[in-house]
Amino acid sequence: MSYTLQRACIILVLMLLSNAAVAADSFRLLTLAADTYAGATFTVTVTAVTGTRSTITTYAGDKFLYCTSTASDSPNGRQPIIPLNGTQSFSSGTTAIHGFVLYNATETTITVSDGTMIGTLSVNVQPYKGFEYYLDIVTQNHGIETAGADFKVDTTIVDVYGNPTGNPNGTSTQSVAISCSFDDATSIGAFSPKSPPQTNITFTDGKASFGTFTLYNANEEPCIVIHDEFNFLTGTSSPITVNASATAKLKFSAPGMVTAGSEFLLGTITLYDNYGNTATTSGPKSVKYHGPQSSIQGGIDPR
């Protein structure tokens, strides 16, 4: 065999192998745009194609299709809507599947198969397209704070589904005049909850951290409410658990009258923090008593 003929045979074999590698029929999936928006309903067009991407016009009639997706819930728990598996009518190799709705602003893959042919589509989901903005508010210790301890909050501008949106004005930084308050936070003794006064906060790429906040009453679970001066940006945190601070004092009662030389019992001994909250400590403790005969005072030395 001449060198030329041998080379031609090799090229022919390589071409056949190359064609075989792409010869499998498949589905081509398309949407009207490469990007979609959270909460928007869209349609996926499904076309049967050959390995060379030519439409298989003879693929027609009712076909049972399986739809799956990597879509996940939105940050605030809204579940994606993916059409159920079912029969679709093809005409000249093409059909349309309606009713997809995605809520999580991230890249998602949609897959369609008839059990033999398969096709995938990557969809880039953008935050909700509208003029509704909210504040996602997370306290410094993720919703569990200590009585009397100062803390800050992290805020993120989000859409109606909880997706971060960046700044509404489209720039990397935006100054906003905000007001803060507590929902259902009350005083305990002389200690009242504290929140920052109205002030200008700079959001960078839709995020800002600021404070100081202070809670004292461990018998409630308040929320932080933040809004701008026009109520264009509003948000309410999740209920905040307030734990008592370190044990600082104890209270007990003694009988008003006792008999000299006779044993007597004290009432229940309760541990408190500096703000009057019942302490959460437990287990055996060493207690010392001291004072003049006319009174009894208690101190506690935790083991």
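Conventions we followed
- Residues numbered from 1 in each chain as written.
- Predicted model: local features only at pLDDT ≥ 70, side-chain atom pairs only at ≥ 80, totals over all residues.
- Heavy atoms only, no water.
- Helix = DSSP H or I, 4+ residues; strand = E, 2+ residues; numbered from the N terminus.
- Areas by Shrake-Rupley, 256 points an atom, 1.4 Å probe, with all protein chains shown as cover.
- 1 Å grid on protein atoms, 1.4 Å probe; cavity = no way out; pocket = protein on both sides within 12 Å on 5 of 7 lines; lining within 4 Å.
- Points joined across faces, edges and corners; volume = space filled by probe spheres on them.
- Nonpolar A, V, L, I, M, F, W, Y, C, P; charged D, E, K, R; others polar.
- Contact = heavy atoms within 4.5 Å.
- Pairing = 2+ DSSP bridges.
- Axes fitted to C-alpha atoms, helices over the stretch in contact; angles between N-to-C directions.
- Phe/Tyr/Trp six-rings, centres within 6.5 Å; stacked < 30°, edge-to-face > 60°.
- Buried < 20%, exposed > 50% of the residue type's maximum accessible area, 1.4 Å probe, protein only.
- pLDDT = per-residue confidence, 0-100.

Draft legend 1. Just the overall build of the chain, in detail. Of the regular secondary structure elements, the chain holds one helix and 21 strands. Entry remark: accessible area of the chain is about 17,700 Å², with carbon and sulfur atoms responsible for 52%.

Draft legend 2. Local environment of the layout of surface pockets. Counted as a void, the largest pocket has a volume near 180 Å³. In terms of lining, the largest pocket is formed by 14 residues, of which the most central are Pro127, Tyr128, Gly130, Tyr133 and Thr165. Tallied by class, the residues present in the lining of the largest pocket amount to six nonpolar, five polar and three charged.

Draft legend 3. Broad picture of the environment of Cys180. Summarising the element assignment, Cys180 is placed in strand E12 (residues 173-183). Through-space distance from the C-alpha of Cys180 to that of Val225 is 5.8 Å; in sequence the pair is 45 residues apart. With sequence-adjacent residues up to four places away left out, Cys180 is seen in contact with Ser195, Pro196, Phe210, Phe213, Val225 and Ile226.

Draft legend 4. Molecular detail of the sheet that holds strand E3 (residues 41-49). Reading across from one edge, E1-E3-E6 is the order of the three strands in this open sheet, with antiparallel pairing throughout. Each end of this open sheet is capped by a strand with a single partner; those strands are strand E1 (26-30) and strand E6 (94-101). If you compare each strand with its neighbour and ignore which way they point, the axes differ by 30° on average. Examined bridge by bridge, E1 and E3 share five bridges and lie antiparallel to one another. Opposite Ser26, over in E3, you have Val49 as the bridge partner.

Draft legend 5. How the structure looks around the packing of aromatic side chains. The final tally for this structure, using the stated rule, is 14 aromatic pairs. Consider the rings of Phe64 and Tyr66, whose centres lie 5.1 Å apart with planes at 70°: the pair is edge-to-face. Using a relative accessible area of 40% as the deciding quantity, one classes Phe64 as partly exposed. Ring geometry for Phe210 and Phe213: centres 6.3 Å apart, planes at 45°, overall tilted.

Draft legend 6. Region of the structure containing the sheet that holds strand E2 (residues 35-37). The strand order across the open sheet formed by five strands is E2-E8-E7-E4-E5, and the pairing between neighbours is mixed. Unpaired on one side and paired on the other, E2 and strand E5 (86-90) mark the two borders of the sheet. If you compare each strand with its neighbour and ignore which way they point, the axes differ by 40° on average. The sheet contact formed by strand E4 (residues 61-69) and strand E7 (residues 107-113) spans four bridges and is antiparallel. Opposite Thr68, over in E7, you have Thr111 as the bridge partner.

Draft legend 7. Seen up close, the pairing of strand E9 (residues 133-139). The two faces of E9 differ: Tyr133, Leu135, Ile137 and Thr139 on one face are buried, but Tyr134, Asp136 and Val138 on the other face are not. In this sheet, strand E16 (residues 233-236) lies alongside E9 in parallel orientation, the contact comprising two bridges. By the bridge assignment, Tyr133 is partnered in E16 with Leu233. Pairing analysis gives six bridges linking E9 to strand E11 (residues 151-158), with the strands arranged antiparallel. Bridge pairing links Leu135 to Ile157 in E11.

Draft legend 8. Highlighting the environment of Tyr133. Assignment of secondary structure puts Tyr133 in strand E9. According to the relative accessible area criterion, Tyr133 is buried, its value standing at 16%. Apart from the residues lying within four places of it in its own chain, the contact partners of Tyr133 are Ile157, Val158, Thr165, Pro168, Phe232, Leu233 and Thr234.

Draft legend 9. Broad picture of the confidence of the model for the chain. On average, the chain scores 87 in pLDDT, and the residues at 70 or more come to 87%. Considering only residues more than four positions removed or in separate chains, one finds that residues 13-22, a stretch of pLDDT under 50, has two contacts. Segment residues 294-303: pLDDT under 50, and 26 contacts once partners within four positions in sequence are set aside and those in other chains are kept.

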